[in-house]
Each structure stands twice: as C-alpha cells, then as structure tokens.
Amino acid sequence: MRLFGTDGIRGKSAEFPFGDYELSIIGKAIAETAVRDKGIILIIRDTRESGLRIQKALAKGISDAGCKTVFGGVMPTPAASYLVKKKKFGAAIVISASHNPYEDNGIKIFNSSGHNLNDSISENIEK
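Given the structure is predicted, the values throughout are model-derived calculations rather than measurements. (Residues numbered from 1 in each chain as written. Predicted model: local features only at pLDDT ≥ 70, side-chain atom pairs only at ≥ 80, totals over all residues. Heavy atoms only, no water.)

### As for the overall build of the protein
Counted only if it meets this: Starting at the N terminus, helices and strands are each numbered in turn, a helix being any DSSP run of H or I of at least four residues and a strand any DSSP run of E of at least two. We compute the radius of gyration over the C-alpha atoms and compare it with the globule rule, which gives 2.2 Å times the number of residues raised to the power 0.38. For this analysis, residues touch if any pair of their heavy atoms sits within 4.5 Å. Per-residue and other accessible areas were derived by the Shrake-Rupley procedure at a 1.4 Å probe size, with only the shown protein chains allowed to occlude residues.
Across its full length, the protein carries four helices and six strands. Reading the helices (α) and strands (β) of the protein from amino to carboxyl end gives β-β-α-β-α-β-α-β-β-α. A compact globule built from 127 residues should have a C-alpha radius of gyration of about 14 Å, and the protein, at 13 Å, falls within 12% of that. Each principal axis of the C-alpha distribution contributes one length, and for the protein these read about 35 × 30 × 25 Å. Summarising the internal contacts of the protein: among those between residues at least 6 apart in sequence, 68% fall at separations of at least 24. Here the protein displays about 6,900 Å² of accessible surface, and carbon together with sulfur accounts for 52% of that area.

### Side note on the side chain of Arg45
Heads up, the rule is: Only protein chains enter the area calculation, which uses a 1.4 Å probe; residues under 20% of their type maximum are buried, those over 50% are exposed, and those in between are partly exposed. Think of it this way: Lys and Arg go in the positive column, Asp and Glu in the negative one, and His and the chain ends go nowhere. Should a side-chain nitrogen of Lys or Arg be within 4 Å of a carboxyl oxygen of Asp or Glu, the pair is scored as a salt bridge.
Along the chain, the position of Arg45 falls in strand E3 (residues 40-45). Asp46 provides the closest opposite charge to the buried, unpaired Arg45, separated from it by 6.5 Å. Aside from chain neighbours lying at most four places away, what touches Arg45 is Gly51, Leu52, Gln55, Gly73, Val74, Met75 and Ile95.

### Considering helix H1 (residues 20-34)
In plain terms, the rule: To estimate the expected span of a helix, count its residues, drop one, and scale the result by 1.5 Å.
Taking 1.5 Å per residue as the helical rise, H1 with its 15 residues ought to reach 21 Å, and the 20 Å between its terminal C-alpha atoms agrees with that figure. Along H1, the positions that sit buried rather than exposed are Leu23, Ser24, Ile26, Gly27, Ala29, Ile30, Ala31 and Ala34. Of the surrounding elements, those touching the buried residues of H1 are strand E2 (8-12), E3, helix H2 (51-64), strand E5 (91-95), strand E6 (104-111) and helix H4 (119-126).

### Looking at the pattern of salt bridges
Throughout the structure, instances matching the rule amount to eight salt bridges. For the salt bridge of Asp7 with Lys108, the shortest nitrogen-to-oxygen distance reads 2.5 Å. Residue Asp7 is found in the loop between strand E1 (4-5) and E2, and its partner Lys108 is found in strand E6; the two are separated by 101 residues along the sequence. Overall, Lys108 belongs to the buried group, its relative accessible area being 14%. For Asp20, the salt bridge identified is with Arg53, shortest N-O distance 2.8 Å. With a gap of 33 residues between them, Asp20 in helix H1 and Arg53 in helix H2 connect regions that are remote in the sequence. The class of Arg53 is partly exposed, set by a relative accessible area of 31%. One salt-bridge network, in which partners are shared between bridges, spans Asp7, Arg10 and Lys108.

### Notes on the environment of Ala59
Structurally, the position occupied by Ala59 is in helix H2. Of the residues examined, Ala59 reaches a relative accessible area of 11% and is grouped as buried. For Ala59 and Ala31, which are 28 residues apart along the polypeptide, the C-alpha to C-alpha distance reads 9.7 Å.

Function cannot be inferred from these measures alone, as they are strictly geometric.
What follows is the structure in structure tokens.
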C-alpha cells in the first residue's frame, strides 16, 4: 500500500495509517531515513483534535530511532520550512490536512533544507 500522495501522507485520522502503532513506525522511519546524525526533528500542527495524538505517536518512533523532537505547537505549514533551516533542525514534520475535512489529517515532511522530501526518500520511509 502506498502511503505518500502528492503532498505527504493523508487520510482519515481514525484509520490506517493513523493508528498509534503505525505512526510510531512512521516516526522511526522518518528519523532513520530523512535525518542524519541523530538530529532534532521539529513537529508543528494545526488545530485538529487528532494532532496531539499523532504528534505523540510520531515522537515515540523518533525517540526509538535515537533522535529528539521539538514541539512547535500550532503554526502554519510554511513555518516548518522556514524554521527547519533557521534553527538547523534535521527535519520538520507538519501535522495538517490543510483544506481537507476536519476528520482527516496528514503528515508533511520537510528535509533540513526546508524542501519536501524527494521520491526516493519517501519510498524508503514507506518500506
């Protein structure tokens, strides 16, 4: 099953792949695949109810991979791209489904340069 769409991972926040176990594995895969040298990953989110739970589950996986997490709270998506470069984070994760229905959510990942992940890295995270 393909996780990544045109702009990250999206879906119903109460369904696969948004279970706590799956999110933990995704967090670990992000840390192991998209971050070098056990860096720090910034996580920001929108105001959807599921955001805090998703954030916590991703952070568990990130920690399991030996990386640290900084929670930035509620911020707009472009803040992740800016902050990941400005503060020299290893990556940034945005938990948001932007204009999709409230019961949806998504995970968008930025590399340390503030850009979307390339297809190769996204495919490695899926594996």
